[in-house]
Amino acid sequence: MEGAALLERLTPVAQKAPGNWEIGTVTQIRTETPTVKTIRIALGMWMAHLPGQHYEVRLTAPDGYTAQRSYSIASSPLLEGEIELTIERLQDGEVSVYLHDVLVEGDEIEVRGPFTSYFVWRGEKPVLLLGGGSGVVPLMSMLRHRRLTMPELPMRLLYSVRTPQDVIYADELGEETVLTYTRQAPPGWSGHTGRIDDEFVAPFAGTALEGLAFVCGTNGFVESAVEALLTAGFPTGAIRTERFGPSG
């Protein structure tokens, strides 16, 4: 299939970011949750990324002051000519507040990427994904690309959120996704509640032990998730992590 061939073509290549910043055009803005938006950007110097990579966004004020942040790519590499960045609005954030409150469709924005990272999916199988809050973003790139290219490949997403209102990509999550709510579950919920722990991870780890586990979230989330994976039998070398902090 075309997408599988793309991954095979990218696998032996060391992915490097373009040396220069470029101006992209915002073609779509979608609201995911009350604090999270997805921004689709058309790029003249677009290049295929690996699921899990990220872009930098830079804002420049009239007085020359600049602020930049890194954001994971949410889209599949098959979205040619465009990328999607899913961004959480942080109350004290410089860049995320502008992207949420000021940016509109048709605006231009300065970006650079995709940046290389060991936190990428190159078509290995099977795969277990563990995401906390907006840590689901790079995992969604993996999940979307798998759906488009290798739907038969075993891939499971364990997703931890505070409340039903905090579920990012709620309309896209399918049967391969298992949710846990840490603060408030929806009415009639009979699934897991509370943080990701040994009990939650164990039933899904068995079929993935010969593959990889990708974990993305806050420091606390990553530590707890990795501990649960190790308890389930995952070797350290098969666990890849990415952490994010409060900067925005």
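Preceding block: the structure.
Scope of this entry: the structure provided in the associated data block.

Reading the values: the criteria
- Residues numbered from 1 in each chain as written.
- Predicted model: local features only at pLDDT ≥ 70, side-chain atom pairs only at ≥ 80, totals over all residues.
- Heavy atoms only, no water.
- Pairing = 2+ DSSP bridges.
- Helix = DSSP H or I, 4+ residues; strand = E, 2+ residues; numbered from the N terminus.
- Axes fitted to C-alpha atoms, helices over the stretch in contact; angles between N-to-C directions.
- Contact = heavy atoms within 4.5 Å.
- Core = buried A, V, L, I, M, F, W, Y, C linked by side-chain atoms within 4.5 Å.
- Buried < 20%, exposed > 50% of the residue type's maximum accessible area, 1.4 Å probe, protein only.
- Arc of directions from axis to C-beta.
- 1 Å grid on protein atoms, 1.4 Å probe; cavity = no way out; pocket = protein on both sides within 12 Å on 5 of 7 lines; lining within 4 Å.
- Points joined across faces, edges and corners; volume = space filled by probe spheres on them.
- Nonpolar A, V, L, I, M, F, W, Y, C, P; charged D, E, K, R; others polar.

## Observations regarding the pairing of strand β4 (residues 66–72)
- With seven bridges joining them, strand β3 (residues 54–60) and β4 adopt antiparallel strand pairing. Looking at β4, one finds that E56 is bridged to S70.
- Where β3 folds back on β4, the antiparallel hairpin that results is connected by five residues, among which G64 adopts a positive phi of roughly 95°.

## What about the sheet that holds strand β8 (residues 155–161)?
- Across the sheet, which stays open at both edges, the five strands sit in the order β9-β8-β7-β10-β11 with parallel pairing between neighbours. With one partner strand each, in any of the chains shown, β9 (177–181) and β11 (239–243) form the two edges of the open sheet. On average, adjacent strands in this sheet sit at an angle of 15° to one another, irrespective of strand direction.
- Against the sheet, helix α3 (residues 136–149) engages β7 (127–132), β8, β9, β10 (212–217) and β11, with an angle of about 150° to β8.

## What to know about the nonpolar core
- Ranked by internal contacts, the top residues of the largest apolar core, which has 46 residues, are L130, Y159, F214 and L229.
- Those elements giving two or more residues to this core turn out to be β7, α3, β8, β9, α4 (198–205), β10 and α5 (219–232).
- Filtering out sequence-adjacent residues up to four positions away, L130 remains in contact with L139, L158, I196, V201, F214, V215, C216, F221, A225 and L229.
- In terms of nonpolar packing, the next biggest core, distinct from the first, is built from 18 residues, V26, Y55, L85 and V111 among them.

## Concerning α4
- Inspection of α4 places F200, V201 and A205 among the buried residues, and these make up the whole buried set. Down the axis of α4, the smallest arc covering the buried residues is 115°, so these residues share one side. α4 presents E199 and P203 as exposed residues on the side facing more than 90 degrees away from its buried surface.
- Packing partners of the buried residues in α4 comprise β7, β8, β9 and α5.

## With respect to the layout of surface pockets
- As a volume, the largest pocket reaches approximately 1100 Å³.
- If you trace the largest pocket, you find 40 residues lining it, with E88, S134, G135, T218 and F244 closest to the centre.
- Those elements giving two or more residues to the lining of the largest pocket turn out to be β4, β5 (82–88), α3, β8, α5 and β11.
- Looking at the lining of the largest pocket element by element, the count peaks at four residues for β4.
- Of the residues belonging to the lining of the largest pocket, the class tally is 13 nonpolar, 19 polar and eight charged.
- Of the pockets and cavities examined, the second largest pocket occupies roughly 210 Å³.
- What lines the second largest pocket is a set of 12 residues, among which P154, M155, R156, E176 and T207 lie closest to the centre.

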